[in-house]
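# Commentary on secondary and tertiary structure
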Amino acid sequence: MAPAHHQAAAATTVTTQDIRRAQRADGPATVLAIATANPETRRSQDEYADFYFRVTKSEHLPQLKEKLERIYVDKFYINTVELYAMYNFILESHYKLLYLFWDSLQSSNFENFLQIRKPHQGKKSGIENRYTYVNDEVMKAHPEFSDRKLPSLDARVEIASNAVPELAAAAASMAIAEWGRPATDITHLIFSTYSDLKAPSSDRRLASLLGLRHTVCRTILSLHGCYGGCRALQLAKELAENNRGARVLVACSEISLIAFYGPEEGYTDTDTLVAHALFGDGSGAVIVGADPVDAVERPLFEMAFASQTTVPDSEGAITVQHKKGGMEYHIARGLPEMLAGNIKRCLADAFGAIGVAARWKDLFWAVHPGGRRILDLIEEALGLDNGAMAASRQVLREYGNMSGTTVIFVLNELRRRFAADGAEGADWGALMAFGPGITAETILLRVASGLKGN
Ligand SMILES: CC(=O)CC(=O)SCCNC(=O)CCNC(=O)[C@H](O)C(C)(C)COP(=O)(O)OP(=O)(O)OC[C@H]1O[C@@H](n2cnc3c(N)ncnc32)[C@H](O)[C@@H]1OP(=O)(O)O
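Residues numbered from 1 in each chain as written. Predicted model: local features only at pLDDT ≥ 70, side-chain atom pairs only at ≥ 80, totals over all residues. Heavy atoms only, no water.

Looking up the protein in an unreviewed UniProt entry gives the name Chalcone synthase, with the organism given as Oryza nivara. Turning to the protein, the UniProt annotation filed under Sequence similarities (unreviewed entry) states: "Belongs to the thiolase-like superfamily. Chalcone/stilbene synthases family." (UniProt positions renumbered as here; feature names shortened; annotations may be inferred.)

Next up, the structure:
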């Protein structure tokens, strides 16, 4: 063994810069696996108002029920119910006339005709289905959840402390299986949720459920709302690029049970109705790491750059607060306009910082589908083609707004689309989410080799 003074001399030849350089990865953080999960109960938007008003014992408030239906069904589509009844009448009594009608429809506008046959398709909200943890059994066991004036936070928190990490484990175990390496190779875990308010929190429980190593570095993000998934991905990027060999598991899990209660006449009921028209439950998991291992890991998207922008004068536009009767939302009426009005600034902050002048039309888009109108207005503000937000719209249609988790569903949907067509088309894209603040997060992505040529 070398004498102590020789060891000290050797140590001084290594600089902190050397150590830092050795710690850093060579390549950019890369998405290596993505998976999603939902609770069992799937509810179509058509039946949601009936379910919601029944389980919250609010059927004595028909005007609020009508309002909820107005929020998610286009009046034209309600009218088509009557049209469809008329069509059935003709079918029974005037067969010949119907034939002519049918013939003309086929030759002119068959699509519209099909819509007549499917009157309630949630056209206004852009949502057709949602998955929810709350069902008849939950409400039977906890009738107090219906009334936000009753103290129910303890019971909600207790349920969420199990349900949230369990739902996350369903997505994370699929992501780990896709990744192809053992769960014990995960070095960092970032968990984002607004639904769990206990400590030790969902990150600790998820690590146990997955059998992660006891030295895994855990971080829990709370109350980021709809930008939680994007924030977690941005942190994963920093960790992966600054810790050579790091493999970061990002997990997001939301169950809207924490904010489920009945409508209340005259008291912020439009916020409650808008929230109950949009929000669904789900979990998403992403594994992020730099320098993918050849023939073992499959690089899906490289994360080239990430930024956060706070929209000026917007502090009160989206707020959430835990109260004794559950979490209360406020979503400003002008939110879609406010986001669309600031979208170019958020993109300029992201792209300007790296000196990239992008044509928005040349990018692929993964935008948090907060609501149909938000996607419409952003698309319009950026002059994008109609199909540019197809992945976001598809997720909104099938799952609703699952808060911070939603963006992971959108990323997964994009991956599916790229894998199906061999990643033809746009190479670079923007992943965006927004939430309380208003905080907008942007990640510049590039399609990676694992998605090309499939
Ligand atoms: C939680 C987070 O951190 C981040 C988030 O994602 S927050 C959620 C973000 N989402 C939104 O803000 C929703 C954006 N809005 C939309 O997508 C659409 O406006 C919508 C689907 C809600 C309705 O569609 P629309 O085409 O605007 O329909 P429109 O006919 O104008 O409105 C229907 C009814 O909803 C009401 N409404 C619309 N937005 C509202 C809002 N934010 N608050 C209260 N009421 C609202 C309208 O006043 C109207 O009511 P009346 O029929 O009584 O007049």
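Another aspect to go through is the packing of helix α14 (residues 372-382) against helix α15 (residues 390-399). Remark: α14 packs on α15, axes separated minimally by 11 Å, with the N-to-C direction vectors making an angle of 170°. Relative to α15, the element α14 is oriented roughly antiparallel. Note on element contacts: α15 touches α14 through Ser392, Arg393 and Leu396, opposite Arg372, Leu375, Asp376 and Glu379. When its residues are assigned to classes, the contact of α14 with α15 shows two nonpolar, one polar and four charged. (Axes fitted to C-alpha atoms, helices over the stretch in contact; angles between N-to-C directions. Helix = DSSP H or I, 4+ residues; strand = E, 2+ residues; numbered from the N terminus. Parallel < 35°, antiparallel > 145°, perpendicular 65-115°, else oblique. Contact = heavy atoms within 4.5 Å. Nonpolar A, V, L, I, M, F, W, Y, C, P; charged D, E, K, R; others polar.)

Attention now moves to the site of the ligand. Lys67, Arg70, Cys226, Arg333 and Asn401 are the nearest of the 27 residues found near the ligand. One of the backbone nitrogen or oxygen atoms of glycine 370 is found 3.1 Å away from a nitrogen atom of the ligand. Of all the secondary structure elements, the ones that give two or more residues to the shell around the ligand are α4 (62-72), α12 (269-278), α13 (335-353), α14 and β12 (428-435). Classifying every residue of the shell around the ligand by side-chain character gives 13 nonpolar, eight polar and six charged. (Near = heavy atom within 4 Å. Polar contact = N/O pair within 3.5 Å; in protein donor to acceptor, adjacent residues only side chain to side chain.)

What follows deals with the confidence of the model for the protein. Close inspection of predicted coordinates is inappropriate for parts of the model with low pLDDT. Looking at the protein, the pLDDT average stands at 87 and 84% of residues meet or exceed 70. Within the model, pLDDT remains below 50 along residues 77-81, and this stretch shows ten contacts once partners closer than five positions in the same chain are excluded. Note that residues 107-122 has pLDDT below 50 and, in this model, 26 contacts with residues that lie over four places away or in other chains. (pLDDT = per-residue confidence, 0-100.)

Ordered in space as β5-β4-β6-β7-β1-β8-β13-β12-β11, the nine strands form an open sheet in which the pairing is mixed. The sheet terminates laterally at β5 (217-222) and β11 (364-367), the two strands that pair on one side only. On average, each strand axis in the sheet is tilted by 25° relative to the strand beside it, whichever way the strands run. In terms of strand pairing, strand β6 (residues 247-254) meets strand β7 (residues 282-289) through eight bridges, oriented antiparallel. Pairing of leucine 249 across the sheet is with isoleucine 287, part of β7. Sitting on the sheet, α13 touches β8 (301-310), β11, β12 and β13 (439-447), and the angle it makes with β8 is about 125°. In the packing of helix α16 (residues 406-421) onto the sheet, contacts are made with β1 (30-37), β6, β7, β8, β11, β12 and β13, and the angle to β1 comes to roughly 110°. (Pairing = 2+ DSSP bridges.)

Relative to β5, strand β4 (residues 188-193) runs parallel, the two sharing six bridges. Across the sheet, phenylalanine 191 pairs through a bridge with isoleucine 220, a residue of β5. In the classification by handedness, the crossover that spans β4, the intervening helix α10 (residues 202-210) and the parallel β5 is right-handed. (Right-handed = clockwise from strand over helix to strand, strands pointing away.)

Two side chains carrying opposite charge are able to pair once their charged atoms lie near each other. Under the defined criterion, the tally for this structure stands at 29 salt bridges. Close ionic contact of aspartate 50 with lysine 65 constitutes a salt bridge, the shortest N to O distance being 2.7 Å. One end of the pair, aspartate 50, is in helix α3 (residues 45-55); the other, lysine 65, is in helix α4, with 15 residues separating them in the sequence. We note a salt bridge from aspartate 376 to arginine 372, for which the minimum N-O separation is 2.8 Å. Separated by four residues within a single helix, aspartate 376 and arginine 372 lie in helix α14, roughly one turn from each other. The partly exposed category is assigned to arginine 372, whose relative accessible area is 23%. Overlapping salt bridges, with partners in common, bring together Asp147, Arg148, Lys149 and Glu264 in one network. (Salt bridge = Lys/Arg side-chain N within 4 Å of Asp/Glu carboxyl O. Buried < 20%, exposed > 50% of the residue type's maximum accessible area, 1.4 Å probe, protein only.)

With that settled, consider the packing of helix α9 (residues 153-179) against α10. Remark: α9 packs on α10, axes separated minimally by 9 Å, with the N-to-C direction vectors making an angle of 45°. With respect to their mutual orientation, α9 and α10 come out oblique. α10 is crossed by α9, and the crossing has right-handed handedness. Residue-level contacts link Ser161, Asn162, Val164, Pro165, Glu166, Ala168, Ala169, Ala172, Ser173 and Ile176 of α9 to Ser202, Arg205, Leu206, Leu209 and Leu210 of α10. Among the residues forming the contact of α9 with α10, the class breakdown is nine nonpolar, four polar and two charged. (Left-handed = near helix turned anticlockwise from the far one by under 90°.)

What follows is about the nonpolar core. The nonpolar side chains of a soluble globular protein tend to be buried with one another. The biggest cluster of nonpolar side chains holds 48 residues, and the ones touching the most others in it are Leu206 and Ile287. Per element, the largest residue contribution to this core is twelve residues, and it comes from α9. Leave out the neighbours within four places in its chain, and isoleucine 287 touches Thr30, Val31, Leu32, Ala33, Ala175, Ile176, Trp179, Ile186, Val248 and Leu249. Leu339, Ile343, Trp360 and Met389 belong to the second-largest nonpolar core, a separate cluster that totals 40 residues. (Core = buried A, V, L, I, M, F, W, Y, C linked by side-chain atoms within 4.5 Å.)

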